Amino acid sequence: MGRGFVTAEEVAKKAGVSRSAVSRTFTPGGSVSKAVRRKVVKAAQELGYRVNRLAQGLNNDRSNLIGVVGANLGSPFISKQLDLLSIGLLRRGLQCLLLNAADARKDIAPLIELLFEFRAQAIVVLSGEPPASIIDECMANGVRLILINQRLDRTDTNMVLSDDSHGADLAAMRLIEAKCRKVAVISSGSKTPAQIRRASAFSQRMALEGVDVVSWSDGPTSYESGYQAGCDLLGDRTIDGAFCVTDLLALGFMDAARLEMSRHVPEDLSIIGFDDIPQAGWKSYQLTTVGQSFEALTEKVLTALASDDPETRLQVVPVALVERITAR
């Protein structure tokens, strides 16, 4: 095995300066003369020294780490969200520490407790609802907590929500415009708050319009679950429309309709999804969906990280119907 990283003490010795002079040289705004800075930088380059940012952050009782907790990281929606968020953090001089909550089931408290140990300055929760005790601990320690698509009855927590109810209403009205008379609403068995809001708002609108609704919810939020829903439901030839609460479910549902159940989209079956993931626009799908801007979602998270204004505690990401070819 090779030796460890070059230390600040080694740089100080080579440059002929004190250890504190090395520290000040690599600390933004640190007070050090130009001559000392030149000697330190030259020695550091020759030795291959790199600043220990983690130790630097701990010395200041706060790192530049932003903890990100999420499950189902392989889903297109989450992966796109992580891509933009991690880039946005880097551009602001922050680092993303990602923890996979897939094995945490409904209790993500241990993961957030781990982030306390890393002295994360803020925590972004993509999936799961932290218990009240953990939220209180975040507040007590000055750790900003940002929840994505989780709405809590609190005024001290930052929440970023897509306008799920309005989006579901847009989907419902579009299927009514397509003259659908019996529709399916497809959710996964995970029963996330966002999925519940979408399915509920859609069903309420359809009830007001006198349209029959068949509900299906099972399995993870995946293409396979959508495919299974299509196989389970579309033997009923009177179902002529479907709202899938995520695009990934919708893509599986559409493939089952076309490949297994001999249904024609959109001629005898209109399908609408939600999220507008990149795959929704692929030529083989061209899914009509409710789109929320990934860029707007990321910007609102970054705004919440930077602002102490109570007005930013609850931010709503607007949605719009994205017309393609899967609804009549």
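Residues numbered from 1 in each chain as written. Predicted model: local features only at pLDDT ≥ 70, side-chain atom pairs only at ≥ 80, totals over all residues. Heavy atoms only, no water.

Turning our attention to the pattern of salt bridges. Enumeration according to the criterion identifies 13 salt bridges in this entry. Aspartate 236 is the partner of lysine 182 in a salt bridge, and the nearest nitrogen-oxygen pair spans 2.7 Å. Here aspartate 236 lies in the loop between helix H10 (223–233) and strand S8 (241–244) and lysine 182 lies in strand S6 (residues 182–187), a separation of 54 residues in the sequence. With a closest N to O distance of 2.9 Å, aspartate 276 and arginine 324 form a salt bridge. Taken together, the residues span a long stretch of sequence, with aspartate 276 in the loop between strand S9 (270–275) and strand S10 (288–292) and arginine 324 in the segment after strand S12 (319–322) at a distance of 48 residues. Among the charged side chains, a network of salt bridges with common partners joins Asp164, Arg197, Arg198 and Asp275. (Salt bridge = Lys/Arg side-chain N within 4 Å of Asp/Glu carboxyl O. Helix = DSSP H or I, 4+ residues; strand = E, 2+ residues; numbered from the N terminus.)

Two modes of strand pairing occur in sheets, parallel and antiparallel, and in both the strands are linked by backbone hydrogen bonds. Taken in spatial order, the 6 strands line up as S2-S1-S3-S4-S5-S11 in an open sheet, and their pairing is parallel. Of all the strands in the sheet, just strand S2 (95–100) and strand S11 (314–317) have a single pairing partner and so form its edges. Averaged over all pairs of adjacent strands, the angle between their axes in this sheet comes to 20°, without regard to strand direction. Note: strand S1 (residues 65–70) against strand S3 (residues 122–125), 4 bridges, orientation parallel. Bridged to isoleucine 66 within S3 is alanine 122. (Pairing = 2+ DSSP bridges. Axes fitted to C-alpha atoms, helices over the stretch in contact; angles between N-to-C directions.)

On to the side chain of arginine 174. Examined against the element boundaries, arginine 174 turns out to sit in helix H8 (residues 164–177). Take arginine 174: its relative accessible area is 7%, and that puts it in the buried class. Apart from residues no more than four positions distant in its own chain, arginine 174 is found in contact with Ile272, Leu321, Glu323, Ala327 and Arg328. (Buried < 20%, exposed > 50% of the residue type's maximum accessible area, 1.4 Å probe, protein only. Contact = heavy atoms within 4.5 Å.)

Turning our eyes to something else, we now look at empty space enclosed by the protein. Where empty space is left can be seen by rolling a probe of water-molecule size over the atoms. Going through the model one piece at a time under the given rule, you end up with 1 cavity of 30 Å³ or more. There is about 30 Å³ of room inside the largest cavity. Taken together, Gln81, Leu85, Leu297, Thr298 and Val301 form the lining of the largest cavity. Of the residues forming the lining of the largest cavity, the biggest block, 3 residues, is contributed by helix H12 (residues 294–306). Considering only residue class, the lining of the largest cavity consists of 3 nonpolar, 2 polar and no charged. (1 Å grid on protein atoms, 1.4 Å probe; cavity = no way out; pocket = protein on both sides within 12 Å on 5 of 7 lines; lining within 4 Å. Points joined across faces, edges and corners; volume = space filled by probe spheres on them. Nonpolar A, V, L, I, M, F, W, Y, C, P; charged D, E, K, R; others polar.)

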